[in-house]
Amino acid sequence: MSQESNSRICPVEYAGGLDNSFRRLLQDPRKILKPYIQKGMTVLDMGCGPGFFSIEIANMLAGSGKVISADMQDGMLEKVQRKIRGTELEQTISIHKCESDRIGLSEKVDFVLLFYMVHEVPDQVKLFTELKSILKPAGKIYIIEPKFHVPKSAFELMTAKIKSLGFEITESPKVFFSRTVLLTIKN
């Protein structure tokens, strides 16, 4: 959703810090997502990085459903591809390269995970307008942003913009050192 050379984007060289056992202790994907992921869902892991969440979501789907691992950096997508190559996860995880200014998906999704990436997107209104167009009527969007990058005032401004686009906040789950909201499309 922004240019790969943009300094706001976490570079591929730092991917190891995004996918390690220490992080799993602090931000266990299964604990964070268990209440929201159900078998048969189509889940978009937007800004998937090296696949830290994508792999666990695919395991939670247990062969029923689909994970779309989306990122704009080829290097991140290659890391996901290497992890799943030759495994059963290849049947569940689909790799999708976003364009610099749009996601570029038409497939409808049940759930969108935006983990520590919304603050990297220069045009958040455009992002959420596009997400709204692919979200199924009962679908959910889970935004998790880092407190160390996103001040409370910036997070509140972002959520106000999103609400003005026709979303409503249904929950603010607790995630270690993060600001969170769970969204649905307002009826």
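Quick caveat: nothing in here was measured; it's all calculated off a predicted structure.

### Observations concerning the packing of aromatic side chains
For step 1, the next point in the chain: Within the structure shown, the criterion is met by ten aromatic pairs.
For step 2, the next point in the chain: Measuring from centroid to centroid gives 5.2 Å for Y36 and Y142, while their planes differ by 65°, and the two rings are edge-to-face. Highlighted residues: Y36 in the loop between α3 (29-33) and β1 (42-46) and Y142 in strand β5 (residues 135-146), separated in sequence by 106 residues.
For step 3, the next point in the chain: The rings of F52, F53, F115, Y116, F148, F176 and F177 are connected pair by pair, giving a single aromatic cluster.
For step 4, the next point in the chain: Between K132 and the ring centre of F167, over which it is positioned, the NZ or CZ distance is 6.0 Å.

### Some details on the pairing of strand β2 (residues 66-71)
For step 1, the next point in the chain: Of all six residues making up β2, five are buried, and the element is well covered by its neighbours.
For step 2, the next point in the chain: As judged from the five bridges shared by β1 and β2, these two strands associate in the parallel manner. Each residue of the ladder has a partner; that of M46, found in β2, is A70.
For step 3, the next point in the chain: Where β2 meets strand β3 (residues 93-97), five bridges bridge the pair, whose relative direction is parallel.

### A closer look at the environment of G104
For step 1, the next point in the chain: Mapped onto the fold, G104 is located in the loop between β3 and β4 (109-115).
For step 2, the next point in the chain: Linking G104 and L131, residues 27 residues apart in sequence, is a C-alpha distance of 10.0 Å.
For step 3, the next point in the chain: In contact with G104, other than residues within four places in its own chain, are H96 and E130.

What counts, and at which threshold
Residues numbered from 1 in each chain as written. Predicted model: local features only at pLDDT ≥ 70, side-chain atom pairs only at ≥ 80, totals over all residues. Heavy atoms only, no water. Phe/Tyr/Trp six-rings, centres within 6.5 Å; stacked < 30°, edge-to-face > 60°. Helix = DSSP H or I, 4+ residues; strand = E, 2+ residues; numbered from the N terminus. Lys NZ or Arg CZ within 6 Å of the ring centre and 35° of its normal. Buried < 20%, exposed > 50% of the residue type's maximum accessible area, 1.4 Å probe, protein only. Pairing = 2+ DSSP bridges. Contact = heavy atoms within 4.5 Å.

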